[in-house]
Amino acid sequence: MLITACNTDGSDGTETSGATTDRSGPISLNGEAKLDGSTTATAATAENLAEDMLALAEVAPTHSAVGSVCVVLDVDRTSLQNRSVVAGAQRAAAQFGVSADVAEPFTEADYAASFDDFVADGCSLIVASSVQLANAAEVAATNHIDQSFAIVDYDYPNRIDNMMELTFNATEPAFLAGFLAGATTKTGVVATYAGLNIEAFTRTMDGFIKGVSFYNREAGAGVQVLGWDGTDGEFVGSLDDPQVGLDIATGFVAQGADTIFPVAGEVGLGSAAMAHASSEPVRIIGIDNDLFEAHPEVGSVYLTSVIKNFDVAIIEAVERSIFLGEIGGQLVGTLENGAVDIAPFHAQSDAVSEVLREQLAELRADVIAGNVTTR
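Residues numbered from 1 in each chain as written. Predicted model: local features only at pLDDT ≥ 70, side-chain atom pairs only at ≥ 80, totals over all residues. Heavy atoms only, no water.

### Focus: the packing of aromatic side chains
Here the distance between the centres and the angle between the planes together describe a pair of aromatic rings.
Here is step 1 of the chain: This structure, assessed with the given rule, holds ten aromatic pairs.
Here is step 2 of the chain: Measuring from ring centre to ring centre gives 4.9 Å for Tyr 154 and Tyr 156, while their planes differ by 90°; the resulting arrangement is edge-to-face.
Here is step 3 of the chain: Three or more aromatic residues joined by ring pairs make a cluster, and in this case those are Phe 175, Phe 179, Phe 214 and Tyr 215. (Phe/Tyr/Trp six-rings, centres within 6.5 Å; stacked < 30°, edge-to-face > 60°.)

Printed below as a string of C-alpha cells:
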C-alpha cells in the first residue's frame, strides 16, 4: 500500500510497558515485536506516552534492519496526534526492522535543539509531529540540506526539497460525513464551522457541504447547511477555546440545527459539551481522531468523526524515505490508502440504518473509484 505522491495538497489498545526516561532527549522506542501481537517497548515519558498506543504490526520485518526514524513531538506531548505519530514509528520499527526514537521538548524554544540532536545522531528520517513544529523544522531542513525530514499534516507554501509533507485529503471522509448528516438529521438543518479561515479547513468543510448536497440530490431532500456556503462562513479565529465552540453550537441549535461538524480542534469540544447538556438531541461530528474514544465523557453525542490515521502516513514515509530513497515531495492520505476515513458510529449506531450503511459503503467505493467528486 503506497500513499499517492502528488504536487498538491485503526487500532487496538495494546499497552506498552515503559521506563521513565529523560524527556529532554531522545527516547528509544525500540522494542521486541512478538508475533502474537503483544509488544514490549522500552519507551515512555513520566506521563506514560507509550501507553495505549496502537499495537505493532503482526509481521516480521520486511526489510533488513537498517536506518532509523526519529520523531520530534510538539509540547502537547500526549495529544492524540502525537500518540498516533509515535505509534506509526513503533509499527515501522517492527515492520521494517529500523530503530525508532522520540524527542519530547519541554518548550517551543527546545524544538531546534531536538532536530539538531537527531541530525548529529545520524537519524535516517526526522519527523516533525505537527504544524506546531513547522518553523523549527523548516530551519533545520534548510540548515541540513543532506538530511531527510518529514512533517505531519502540513504543507509549506514553498516546497522544501528535503522535507516530505505528510498531508491528508480530509475532503473525502468529510463528504461521507456530510451524506451521513443529511440522512440522519431530524430537523433538516445541519451546520459546520472552522477554527481558522485557511484552505486546509475550508476544503474539509467543502467536502461536508458537498456530501449533504449529494444526499439531497439522491434522496430528493432539502437539508440546509449553516456555517459555510462554499465561499463564506463561521470562523472562530483559534483552535483552543471550547467556550467559543459552545456558544457557536448554541446559536446553530437555535436556528434549528441538530448535527454540527466543528473543524476547529479543541474548540469543537465546547460544541460537544453543549450537545451533551442539551435537552434536545444534538449530534456532533468529530475531526482528526475518533473523538468518541478520545472524550468518553461526551462520547455519546458523536455521530462519527472524520479521522486522519497519522500512523499509516508515518509507516509509508519510512518505507519511501529509508528504503526507496525518496527525499521530499508530498504524500497524500486518502480513503483508498486508509490514511483517512470516518470513525465507527459507536453510541449513535441506532441512528444509522443498515440501508444507510450500505449506501455509505457504496458511496465510499465510488469516491475511491473517482466516480464521485467530493469537492
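### Here's the deal with the sheet that holds strand β10 (residues 189–194)
Here is step 1 of the chain: One open sheet holds the six strands; their spatial order is β11-β10-β12-β13-β14-β16, and the pairing between them is mixed. Strand pairing shows two members of the sheet lacking a second neighbour, β11 (224–226) and β16 (340–342), which therefore form its edges. Averaged over all neighbouring strand pairs, the angle between strand axes comes to 15°, with direction disregarded.
Here is step 2 of the chain: Summarising the sheet, β10 and strand β12 (residues 259–263) pair through five bridges and their orientation is parallel. Bridge pairing in β12 links Val 190 to Thr 259. (Pairing = 2+ DSSP bridges. Helix = DSSP H or I, 4+ residues; strand = E, 2+ residues; numbered from the N terminus. Axes fitted to C-alpha atoms, helices over the stretch in contact; angles between N-to-C directions.)

### What about the pattern of salt bridges?
Oppositely charged side chains may form a pair once their charged atoms are brought near each other.
Here is step 1 of the chain: Enumeration over the complete set of coordinates arrives at twelve salt bridges.
Here is step 2 of the chain: A salt bridge links Arg 375 to Glu 199; the shortest N-O distance between them is 3.8 Å. Taken as a pair, Arg 375 in the segment after α10 (354–369) and Glu 199 in helix α5 (residues 199–219) lie far apart in primary sequence, 176 residues in all.
Here is step 3 of the chain: Given a relative accessible area of 47%, Arg 375 falls into the partly exposed group.
Here is step 4 of the chain: By relative accessible area, Glu 199 is classed as partly exposed at 47%. (Salt bridge = Lys/Arg side-chain N within 4 Å of Asp/Glu carboxyl O. Buried < 20%, exposed > 50% of the residue type's maximum accessible area, 1.4 Å probe, protein only.)

### Some details on unusual backbone geometry
Here is step 1 of the chain: Located in the positive-phi region is Asp 153, a residue other than glycine, with phi close to 60°.
Here is step 2 of the chain: For Asp 153, the location among the structural elements is in the loop between β8 (148–152) and β9 (163–168).
Here is step 3 of the chain: We note that Asp 288 has phi near 75°; this positive angle belongs to a residue other than glycine.
Here is step 4 of the chain: By secondary structure assignment, the location of Asp 288 is in strand β13 (residues 283–288).

### As for the pairing of β10
Here is step 1 of the chain: Most of β10 is tucked away, with six of its six residues classed as buried.
Here is step 2 of the chain: Neither face of β10 is left uncovered, since the one carrying Val 189, Ala 191 and Tyr 193 and the one carrying Val 190, Thr 192 and Ala 194 both have all their residues buried.
Here is step 3 of the chain: Summarising the sheet, β10 and β11 pair through three bridges and their orientation is parallel. Among the inter-strand pairings, Ala 191 is bridged to a residue of β11, identified as Leu 226.

### Things to note about the packing of helix α6 (residues 242–254) against helix α7 (residues 267–277)
Here is step 1 of the chain: Two numbers describe how α6 lies on α7: the axes approach to 6 Å, and their chain directions differ by 50°. Classified by the angle between their axes, α6 and α7 sit oblique to one another. In this structure, α6 crosses over α7, and the sense of that crossing is right-handed. Facing Pro 242, Val 244, Gly 245, Leu 246, Ala 249, Thr 250 and Val 253 of α6, the residues of α7 in contact are Val 267, Gly 270, Ser 271 and Met 274. (Parallel < 35°, antiparallel > 145°, perpendicular 65-115°, else oblique. Left-handed = near helix turned anticlockwise from the far one by under 90°. Contact = heavy atoms within 4.5 Å.)

### Let's talk about the environment of Val 352
Here is step 1 of the chain: By secondary structure assignment, the location of Val 352 is in the loop between β16 and α10.
Here is step 2 of the chain: Considering only alpha carbons, one finds Val 352 and Thr 184, 168 residues apart in sequence, at a separation of 7.2 Å.
Here is step 3 of the chain: Once residues within four sequence positions are removed from consideration, Val 352 is found in contact with Leu 180, Leu 303, Phe 345 and Arg 357.

### Comments concerning the packing of helix α1 (residues 80–96) against helix α9 (residues 310–323)
Here is step 1 of the chain: Interaxial distance between α1 and α9 falls to 7 Å at its minimum, and their mutual angle equals 45°. Judged by the inter-axis angle, α1 sits oblique to α9. In this structure, α1 meets α9 at a crossing whose hand is right-handed. On α9, the residues touching Gln 81, Ser 84, Val 85, Ala 87, Gly 88, Ala 89, Arg 91, Ala 92, Gln 95 and Phe 96 of α1 are Phe 310, Asp 311, Ile 314, Ile 315, Val 318, Glu 319 and Phe 323.
Here is step 2 of the chain: Along the lines of polarity and charge, the residues of the contact of α1 with α9 split into ten nonpolar, four polar and three charged. (Nonpolar A, V, L, I, M, F, W, Y, C, P; charged D, E, K, R; others polar.)

### Side note on the environment of Pro 173
Here is step 1 of the chain: Of note, Pro 173 is situated in helix α4 (residues 171–184).
Here is step 2 of the chain: Spatially, the C-alpha atom of Pro 173 lies 8.7 Å from that of Thr 204, the residues being 31 residues apart in sequence.
Here is step 3 of the chain: Discounting residues that sit within four places of it in the chain, Pro 173 has contacts with Val 306, Leu 335, Val 340, Asp 341 and Ile 342.

### Details of a negative patch on the surface
Here is step 1 of the chain: On the surface, Asp 76, Asp 240, Asp 241, Asp 247 and Glu 266 cluster together to form a negatively charged patch.
Here is step 2 of the chain: In this structure, Asp 76 sits in the loop between β5 (68–72) and α1. (Patch = residues over 30% accessible without salt bridge, like charges linked within 9 Å, V, L, I, M, F, W, Y side chains within 5 Å. Areas by Shrake-Rupley, 256 points an atom, 1.4 Å probe, with all protein chains shown as cover. Lys, Arg positive; Asp, Glu negative; His and termini not counted. Charge placed at Lys NZ, Arg CZ, Asp CG, Glu CD.)

### What to know about the pairing of strand β7 (residues 125–128)
Here is step 1 of the chain: Neither face of β7 is left uncovered, since the one carrying Leu 125 and Val 127 and the one carrying Ile 126 and Ala 128 both have all their residues buried.
Here is step 2 of the chain: In terms of strand pairing, β5 meets β7 through four bridges, oriented parallel. If you follow Cys 70 over to β7, its bridge partner there is Ile 126.
Here is step 3 of the chain: Examined bridge by bridge, β7 and β8 share four bridges and lie parallel to one another. Within β8, the residue paired with Ala 128 across the bridge is Ile 151.

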